[in-house]
Amino acid sequence: MLDPIPLAASFGTGGGEVSGDVLVAKNIFQLPSSGDAGATISQLLFDGSYFVGLKAAKAYQSLAQKSIQQSRIQTVDNVTKAYYLVLITQERIMRLNSSIATLDSTVRQSRQMYANGFIEKIDLDRLEVSLNNLLSDKTKFDSGLDISKMLLKFQMGMPIEEPINASDTLALNSSESVLLKGTKANYNERIEYALLENQKILQNLDLKNVKAGYYPSISAFATGGYTRQDVKFVNLFQYKWYSYALLGVNMNIPIFDGFGKHYKGQQKKLELRKTENLMIALKNTIDMQVRQSEITVNNAIRTLEVQQKNMDLATNVSRVVKIKYAEGVGTNIEVTNAEDALRDAQTNYYNALYDLLVAQLDYKKALGTLVTE
């Protein structure tokens, strides 16, 4: 609607003055009441940061899986060592029970010999002291077995009060007793190295994301709806509404950010270089760990072989001495000394066996083969 409005105006020219009436048009663009119902949709066409973010999401998913794998490796290591301790303790108790049964038979025989006057009281006392020592050791090992089982249940996440039995027996395969030499480490098998590689990927993506800030972003949009204007509000719903539609493209072009992205990019490059240096240092560490674990396994194998021979010899000596004593051609001192030597030999053997099992476990861990998918 155009309404003429009279306006008085004067214009000065030189030494005179001109006056007159001027009509100015007043344009009213919107009526007092209006209504609009519409919708707008948009679609991103190009944004460097968005596409980098998609790749980062996959990298973070891989990182989460590797972190779970790392926890699994540590759990397997802890549970296996606790399980070996249970098996070792059980076998020691079995051998100890056998020694107790044999010595108890000798003590009962000695009591009869003492009653018949063939040996002195001190000879019988020495044998009973040895038997009591074995019984005391058995009590300690029984308690140690309970503690070992509690540790195993703790590592497995089981309730402490829930019963558990280990039915396996310790038996080393011939391949597990072969001396190791010059094993090459596969760095990609180590979860620590894989985590650093994943970290490097994420840092590269961070750097690309900073660089993507220099690129424009483009999006398309579409807007449509219905509208109406009227002098009175009640008329908005009594007459026809008029449709409208609009299609377009938006482009956002970064111009200047005060060198913020430049310095942020330099920081990301420095973080990336640190990770690369860590990966180089970890390679050296892995090589050292593999070599050390090789040496430890080889030493444990040799030690176990020696302790196996010692235990076999001590077992045979104890058997012969007891036979000689039963036939009256041996002394009780020989029996007690043989029992002490056998007990020490068994202790050394089982300690060497456990050391070898743990060394082999650490060797697999150093190679990254402790847990396979």
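Residues numbered from 1 in each chain as written. Predicted model: local features only at pLDDT ≥ 70, side-chain atom pairs only at ≥ 80, totals over all residues. Heavy atoms only, no water.

Details of the nonpolar core
Formed by 36 residues in total, the largest nonpolar core has its most connected members in Leu152, Leu170, Val297, Leu304, Tyr349, Leu353 and Leu356. Looking at this core, the elements with two or more residues in it are helix H1 (48-115), helix H2 (121-156), helix H3 (191-212), helix H4 (260-326) and helix H5 (332-367). With 12 residues, the single largest contributor to this core is H5. Excluding residues within four positions of it along the chain, valine 297 makes contact with Leu180, Leu356, Ala359, Gln360 and Tyr363. Core analysis: the second largest hydrophobic core is formed by 14 residues, Ile119, Leu124, Val321 and Ala338 among them. (Core = buried A, V, L, I, M, F, W, Y, C linked by side-chain atoms within 4.5 Å. Buried < 20%, exposed > 50% of the residue type's maximum accessible area, 1.4 Å probe, protein only. Helix = DSSP H or I, 4+ residues; strand = E, 2+ residues; numbered from the N terminus. Contact = heavy atoms within 4.5 Å.)

Details of H3
Taking 1.5 Å of rise per residue, 22 residues should cover 32 Å, and H3 covers 31 Å from first to last C-alpha, within 8% of that figure. Of all the positions in H3, only Ile191, Tyr193, Ala194, Leu195, Leu196, Asn198, Leu202, Gln203, Leu205, Leu207, Val210 and Ala212 are classed as buried. On its buried side, H3 packs onto H1 and H4. (Expected span 1.5 Å × (residues − 1).)

Some words on the pattern of salt bridges
As enumerated under the stated definition, the model contains 16 salt bridges in all. We note a salt bridge from aspartate 77 to lysine 365, for which the minimum N-O separation is 3.5 Å. You can see aspartate 77 sitting in helix H1 and its partner lysine 365 sitting in helix H5, a full 288 residues away along the chain. We classify lysine 365 as partly exposed; its relative accessible area is 26%. (Salt bridge = Lys/Arg side-chain N within 4 Å of Asp/Glu carboxyl O.)

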